[in-house]
Amino acid sequence: MKDSTTTPDLILHRGLLATLDRANPAATAVAIKDGKFVSVGREADVLSLAGSATRVVDLRGRRVLPGLIDNHLHIIRGGLNFNMELRWDGVRTLADAMAMLKRQVAITPPPQWVRVVGGFTEHQFAEKRLPALDEINALAPDTPVFLLHLYDRALLNGAALRAVGYTKDTPEPPGGEIVRDAQGNPRGLLLAKPNAGILYAALAKGPKLPFEYQLNSTRHFMRELNRLGVTGAIDAGGGFQNYPEDYAVVQKLNDNGQLTIRLAYNLFTQKPKGERADFLNWTKTSRYKQGDDYFRHNGAGEMLVFSAADFEDFRQPRPDMPSEMEGELGDVVRILAENRWPWRLHATYDETISRALDVFERVNQDIPIEGLNWFFDHAETISDRSIERIAALGGGIAVQHRMAYQGEYFVERYGRGAAEATPPVTKILAGGVPISAGTDATRVASYNPSVSLAWLVTGRTVGGLKMYPERNCLDRETALRMWTEKVTWFSNEEGRKGRIEIGQFADLIVPDRDYFSCPDDEIADITADLTIVGGKVVYGAGDFARIDEGAPPPAMPEWSPVRHFGGYAGWASPTAAKTATMMRGAASDCGCNHACGIHTHDHARAWSGKVPVSDFTSFWGALGCTCWAV
């Protein structure tokens, strides 16, 4: 009889495991005990460890990957609001998006709003535009509708303008514009110029969910992330996210053992000119790394001081940081270095990065900062010299796929040549600087990691623009490492997660198709059929639905968009689900391994057209992809 204290809790076998462990790169089976991998290897060796209480799951030849870790996700803020948000992430036509909006308006009771809060770009729509204000007002004359597009603008219908109280007498906010008609009345368009504060301030006026609903909302957001293969994240704080009040929901879920995402959190200052006081207080009352393996403190940022925030609105000229930036930033960084807290700093442009590095170098002369695992976020236009300076100081660079959503605007302002390495990922890798990938979701980009992986591999925006030459694109394994093992440096967890390796946390996913062999144009559509965190099944679909243990209660309140549309691409909508199934089935059934260049693998659209392409013995059907024929 096997010793029950050593036999595995779970064995997965007959799989195709990409372990990312260079000493053991491929395996067919894995055993898990007490939330960690205890055996990774050959089928017979691992199965021999099973005891009478071991759950054994047959993977049936499926690909297995380490769980994905987002290096920059506003998960705490996003979770508080997820159940109230209609997500246009991944919706392919404006017509479909407006149909979703119409359905949601019909069931949203007063005084609640319908909110579409980021995660999409007009370039993803076939129509290549945003809705007009007249269209929104015609669809929703009485229900407030708030649409946030990236960090550049928000569209409010008449009811939303009344709800936020914007009138002819409302003054212009600093760094923003309330667009008005000839009589001076707000039209419903708010512009960041370039400060997104005007957008945040308007959104903050909307109703909030009560605490119990926020618990439910956060669980549904984590469930959605699990569905997309995310098992861990670093929370970058956020505007209007206060510590410790807004962290109570995640703390409660952790206390209840209900977190399905491993979360490291950074503290983001909230008060302009009060940043030094914030960090003096927090370094006295909070301890770096306090918490546990599911919820732990990770240092300061991404906002350290407001005078160093260069908002990434590429529709506007690059902002110059004020002269007081260096002094204010130096005061805060010195406090962090003295207390041995790591930090992260939002910085879009090299002009900001180089000035921040001047500050870091001066602090380093008095208090060595190497070993603190500090880093810059974003760094779209970072220079070779700044990369060298970061390397010399022992820092890192966390990149996100914001250019997948804003690339067209960057090209329009700065040209294709300037956009070819924004950010210069391959150069940073070659320079030996720690680098990893994430999303910066939920507002400026989608939380879907597959979109980020597709951007890293193909160099294309979600609108289809080829931005990067091959020299700044990654092979699929390197891109995957950017989303797994490389993220762990940024949370000081190297060797503890990110690979399928003995002793590491048992976090893994089974994607719905093979990441390593599917066509390039399918990478962004990958979801998970099985997600395991700490040895527990937190999401299961398809062949693994029967072992799913992670489903939360239905989304609250009952009018929540999550009940009717789910999240990315409106997956819970019967229409969206049917279309996705048709597309996946058509793509696999035709057997072609290339895109038509116009409709990619949208075979379902071709099959439903008037041209007789579904008959493979006919002229049209025999041509293969057939998308071009409709």
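Please refer to the structure placed before this passage.
In this report, the structure presented in the accompanying data block is examined. Computed from a predicted model, the values in this text were never measured in an experiment.

## Section: the nonpolar core
Part 1: Leu 304, Leu 329, Trp 343, Phe 360, Trp 374 and Phe 376 are the most contacted members of the largest nonpolar core, which has 130 residues in total.
Part 2: In terms of residue count, helix 10 (residues 325-338) provides more of this core than any other element does, seven residues in total.
Part 3: Counting 24 residues, the second largest nonpolar core, distinct from the first, contains Leu 94, Ala 97, Val 105 and Phe 125.

## Details of the layout of surface pockets
Part 1: For the second largest pocket, the calculated volume is near 780 Å³.
Part 2: Residue contributions to the lining of the second largest pocket peak at four residues, all from helix 6 (residues 197-203).
Part 3: Broken down by class, the residue content of the lining of the second largest pocket amounts to 17 nonpolar, 12 polar and nine charged.

## Details of the sheet that holds strand 12 (residues 176-180)
Part 1: The five strands lie next to each other as 9-10-11-13-12, forming an open sheet whose pairing is mixed. Because the sheet does not close on itself, it has two edges, and the strands there are strand 9 (114-117) and strand 12. Neighbouring strand axes in the sheet, compared pairwise and without regard to direction, differ in orientation by 15° on average.
Part 2: Two elements, strand 11 (residues 153-156) and strand 13 (residues 186-192), share three bridges in a ladder whose sense is antiparallel.

## Considerations on the environment of Gly 41
Part 1: The residue Gly 41 is located in strand 5 (residues 36-41) in this model.
Part 2: With a relative accessible area of 13%, Gly 41 lands in the buried category.
Part 3: With 249 residues separating them in the primary sequence, Gly 41 and Gln 290 have C-alpha atoms 35 Å apart.
Part 4: Leave out the neighbours within four places in its chain, and Gly 41 touches Ala 27, Thr 28, Ala 29 and Val 46.

Rules behind the numbers
Residues numbered from 1 in each chain as written. Predicted model: local features only at pLDDT ≥ 70, side-chain atom pairs only at ≥ 80, totals over all residues. Heavy atoms only, no water. Core = buried A, V, L, I, M, F, W, Y, C linked by side-chain atoms within 4.5 Å. Buried < 20%, exposed > 50% of the residue type's maximum accessible area, 1.4 Å probe, protein only. Helix = DSSP H or I, 4+ residues; strand = E, 2+ residues; numbered from the N terminus. 1 Å grid on protein atoms, 1.4 Å probe; cavity = no way out; pocket = protein on both sides within 12 Å on 5 of 7 lines; lining within 4 Å. Points joined across faces, edges and corners; volume = space filled by probe spheres on them. Nonpolar A, V, L, I, M, F, W, Y, C, P; charged D, E, K, R; others polar. Pairing = 2+ DSSP bridges. Axes fitted to C-alpha atoms, helices over the stretch in contact; angles between N-to-C directions. Contact = heavy atoms within 4.5 Å.

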